[in-house]
Amino acid sequence: MEFTKLNAPSLKELFVQELETLILSGKLEIGEKLPSERNLADSMQVSRAVVNSGITELARKGFLIIKPRVGTFVADYRRNGTMDTLRSIMNYNGGILREAEIRSILELRIALDTLAIQLWLPRASNEEIHRMRGFTEEIKTTSSITNASELAFQFQHELAFLSGNTLIPLIFSSFKVPVISLWERFCKLYGIEELYKNNDKLCHYFENHDVEQAIAWIAASIQDTIKGNRLIYFREQ
């Protein structure tokens, strides 16, 4: 048996994790000014280089704002954050998205899927529709939740790509980790077969080039997981 090599986190990574925890827990409040880099280095017993690079990383992730000659402040990360911010929130919550993040991702998916369908389906070729059907049939035959969730992502990403809009697939790719986690949660709660049924019905509308019904089904099925009969906010069974 081969074992994976273990790598200890660097001091910079530990510094970043510590400040993220303080910010996400509310111990460091939005708008609060951080001590100077020298004071942080002394109190945390690391070099100023570690503090400087860590602060730069936290600013890139949307947790801090650096104001030259004024100081470094805790940013409103929910307003100014990035996908890295969302990943940090997930890590802080033990890899689990909270209700607000889940709802936000699903609402965004409705908007992007709707746009992708409007752009693609009226001009969709039989080959493209057959490719979408292929992802769906693979979901039907797998018994692995991990595989089913990956296939569901591939289905959605292919739809985004087929739209011809260069930004939609990039947006979906940036959300890959949290989106797959939602499908995994859905499959654990309701089964892979239900995921297959959702995609199967959508493919049926694709095969009929029915833009209106495809968009309506996207909205209905996703809303069902937001506030309907198949919620995915609850603790997994």
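Residues numbered from 1 in each chain as written. Predicted model: local features only at pLDDT ≥ 70, side-chain atom pairs only at ≥ 80, totals over all residues. Heavy atoms only, no water.

Caption draft 1: Structural detail: the packing of aromatic side chains. All chains considered together, the criterion is met by four aromatic pairs. Taking the centre distance of 5.1 Å and the plane angle of 90 degrees together, the rings of Trp-120 and Phe-206 count as edge-to-face. Within this pair, whereas Trp-120 is found in helix H6 (residues 99-120), its partner Phe-206 is found in helix H11 (residues 192-207), the two being separated by 86 residues in sequence. Taking the relative accessible area as the measure of exposure, Trp-120 reaches 0% and is therefore buried. Its relative accessible area of 0% is what places Phe-206 among the buried residues. On the numbers, 5.3 Å between centres and 50 degrees between planes, the contact of Phe-186 with Tyr-190 is tilted. One end of the pair is Phe-186 and the other is Tyr-190, both in helix H10 (residues 176-190) and four residues apart, which spans about a single turn. For Phe-186, a relative accessible area of 5% puts it in the buried group. Judged by its relative accessible area of 28%, Tyr-190 falls in the partly exposed class. (Phe/Tyr/Trp six-rings, centres within 6.5 Å; stacked < 30°, edge-to-face > 60°. Helix = DSSP H or I, 4+ residues; strand = E, 2+ residues; numbered from the N terminus. Buried < 20%, exposed > 50% of the residue type's maximum accessible area, 1.4 Å probe, protein only.)

Caption draft 2: Local environment of the packing of H6 against helix H9 (residues 167-174). In contact at an axis separation of 11 Å, H6 and H9 are set at 150 degrees when each is read in the N-to-C sense. It follows from the interaxial angle that H6 and H9 lie roughly antiparallel. Judged by the twist between their axes, the crossing of H6 over H9 is left-handed. For the pair H6 and H9, the contacting residues are Arg-109, Leu-112, Asp-113, Leu-115 and Ala-116 in the first and Ile-168, Ile-171 and Phe-172 in the second. Residue classes in the contact of H6 with H9 are distributed as six nonpolar, no polar and two charged. (Axes fitted to C-alpha atoms, helices over the stretch in contact; angles between N-to-C directions. Parallel < 35°, antiparallel > 145°, perpendicular 65-115°, else oblique. Left-handed = near helix turned anticlockwise from the far one by under 90°. Contact = heavy atoms within 4.5 Å. Nonpolar A, V, L, I, M, F, W, Y, C, P; charged D, E, K, R; others polar.)

Caption draft 3: Representation of the pattern of salt bridges. Enumeration according to the criterion identifies 13 salt bridges in this entry. Glu-193 is the salt-bridge partner of Lys-197, the closest N and O atoms lying 3.8 Å from each other. Of this pair, Lys-197 and Glu-193 both sit in helix H11, four residues apart, which is roughly one turn of the helix. Owing to a relative accessible area of 39%, Lys-197 belongs among the partly exposed residues under this scheme. Exposure remark for Glu-193: the relative accessible area of 53% places this residue in the exposed category. Of the charged contacts in the structure, one is a salt bridge between Glu-194 and Arg-230, with a shortest N-O distance of 3.1 Å. You can see Glu-194 sitting in helix H11 and its partner Arg-230 sitting in the segment after helix H12 (211-227), a full 36 residues away along the chain. What makes Arg-230 buried here is its relative accessible area of 12%. A cluster of three or more residues bridged by salt bridges with shared partners is formed by Glu-193, Glu-194, Lys-197, Asp-224 and Arg-230. (Salt bridge = Lys/Arg side-chain N within 4 Å of Asp/Glu carboxyl O.)

Caption draft 4: Main features of a nonpolar patch on the surface. Together, Leu-108, Leu-167, Leu-170 and Ile-171 make up a nonpolar patch on the protein surface, roughly 350 Å² of accessible area in all. Considering every element that reaches the nonpolar patch, the biggest residue donor is H9, with three residues. Tracing the backbone through its elements, the reader meets Leu-108 in helix H6. (Patch = residues over 30% accessible without salt bridge, like charges linked within 9 Å, V, L, I, M, F, W, Y side chains within 5 Å. Areas by Shrake-Rupley, 256 points an atom, 1.4 Å probe, with all protein chains shown as cover.)

Caption draft 5: Fine view of the packing of helix H7 (residues 126-141) against H11. Remark: H7 packs on H11, axes separated minimally by 9 Å, with the N-to-C direction vectors making an angle of 165 degrees. As far as their axial angle goes, H11 and H7 are roughly antiparallel. Pair H7 / H11 crosses with left-handed handedness. Contact with H7, carried on its side by Ile-129, Met-132, Arg-133, Thr-136, Glu-137, Ile-139 and Lys-140, involves Ile-192, Leu-195, Tyr-196, Asn-199, Asp-200, Cys-203, His-204, Phe-206 and Glu-207 of H11 and no other residues of that element. Partitioned by chemical class, the residues of the contact of H7 with H11 number eight nonpolar, three polar and five charged.

Caption draft 6: Spatial organisation of H7. Its 16 residues place the ends of H7 23 Å apart at the C-alpha level, agreeing with the 22 Å of an ideal helix rising 1.5 Å per residue. The complete set of buried residues in H7 reads Glu-128, Ile-129, Met-132, Arg-133, Phe-135, Thr-136 and Ile-139. The buried residues of H7 occupy an angular sector of 150 degrees when the element is viewed end-on, so they sit on one face. Every exposed residue of H7 that faces more than 90 degrees away from the buried side is listed here: Asn-126, Glu-127, His-130 and Thr-141. Looking at the buried positions of H7, the neighbouring elements they touch are H6, helix H8 (145-162) and H11. (Expected span 1.5 Å × (residues − 1). Arc of directions from axis to C-beta.)

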